[in-house]
Amino acid sequence: QVQLVESGGGLVQPGGSLRLSCAASGSIFSINGMGWYRQAPGKQRELVAAITNGGSTNYADSVKGRFTISRDNAKNTVYLQMNSLKPEDTAVYYCNVQIRLRVGVVEGYWGQGTEVTVSS
């Protein structure tokens, strides 16, 4: 059994910063890719940023230069540092982690979601 616990969301003014965390625990053999998605009201869930187990990253165009994804493999944790936040960044943010449960078996897990509101 695997659990993902997210933290770090909240209310912030435009131009402010937040740092999201997502920690995986349980029966984990290893972790492959990790990523952050977001879903705004009335919109589809979209990829925000992703990081491979080798450290390669990719970002949505809308967050490039403002958000930074990173991971701590020793802690099975992925982070999203969000700077220069804009009202359009308001959404529920979800982490997604691709976990190798045993040789030949990889499954994707979602965090419970953490709400980010950017408003003055």
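Below you will find a few notes about this structure. Remember, it's a predicted structure, so these values are computed and weren't measured experimentally.

Let's talk about the nonpolar core
Reasoning step 1: Counting 30 residues, the largest nonpolar core has Trp36, Val48, Phe67, Val78, Leu80, Met82 and Tyr93 as its most contacted members.
Reasoning step 2: Elements with a minimum of two residues in this core: strand 1 (2–7), strand 3 (18–26), strand 4 (30–39), strand 5 (46–51), strand 7 (67–72), strand 8 (77–82), strand 9 (91–102) and strand 11 (114–118).
Reasoning step 3: Broken down by element, this core gets its largest block of residues, 5 residues, from strand 9.

Overview of the environment of Glu115
Reasoning step 1: The residue Glu115 is located in strand 11 in this model.
Reasoning step 2: Along the chain, Glu115 and Ser7 lie 108 residues apart, while their C-alpha atoms are 9.3 Å from each other.
Reasoning step 3: For Glu115, the contacting residues outside a window of four places in its chain are Gly9, Gly10, Ala91 and Val92.

Looking at the state of the cysteines
Reasoning step 1: The tally for this structure, following the rule as stated, stands at 1 disulfide.
Reasoning step 2: Across a sulfur-sulfur distance of 2.0 Å, Cys22 and Cys95 are joined as a disulfide pair. Handedness here is read from the sign of the S-S torsion; for Cys22 and Cys95, about 50°, the answer is right-handed. Highlighted residues: Cys22 in strand 3 and Cys95 in strand 9, separated in sequence by 73 residues.

Here's the deal with the sheet that holds strand 3
Reasoning step 1: Spatially, 1-3-8-7 is the arrangement adopted by the 4 strands of the open sheet, whose pairing is antiparallel. The open sheet has two edge strands with one neighbour each: strand 1 and strand 7. When the angles between neighbouring strand axes are averaged without regard to direction, this sheet yields 15°.
Reasoning step 2: Where strand 1 and strand 3 come together, 6 bridges link them in antiparallel fashion. Pairing of Val5 across the sheet is with Ala23, part of strand 3.

Analysis parameters
- Residues numbered from 1 in each chain as written.
- Predicted model: local features only at pLDDT ≥ 70, side-chain atom pairs only at ≥ 80, totals over all residues.
- Heavy atoms only, no water.
- Core = buried A, V, L, I, M, F, W, Y, C linked by side-chain atoms within 4.5 Å.
- Buried < 20%, exposed > 50% of the residue type's maximum accessible area, 1.4 Å probe, protein only.
- Helix = DSSP H or I, 4+ residues; strand = E, 2+ residues; numbered from the N terminus.
- Contact = heavy atoms within 4.5 Å.
- Disulfide = S-S within 2.5 Å.
- Pairing = 2+ DSSP bridges.
- Axes fitted to C-alpha atoms, helices over the stretch in contact; angles between N-to-C directions.

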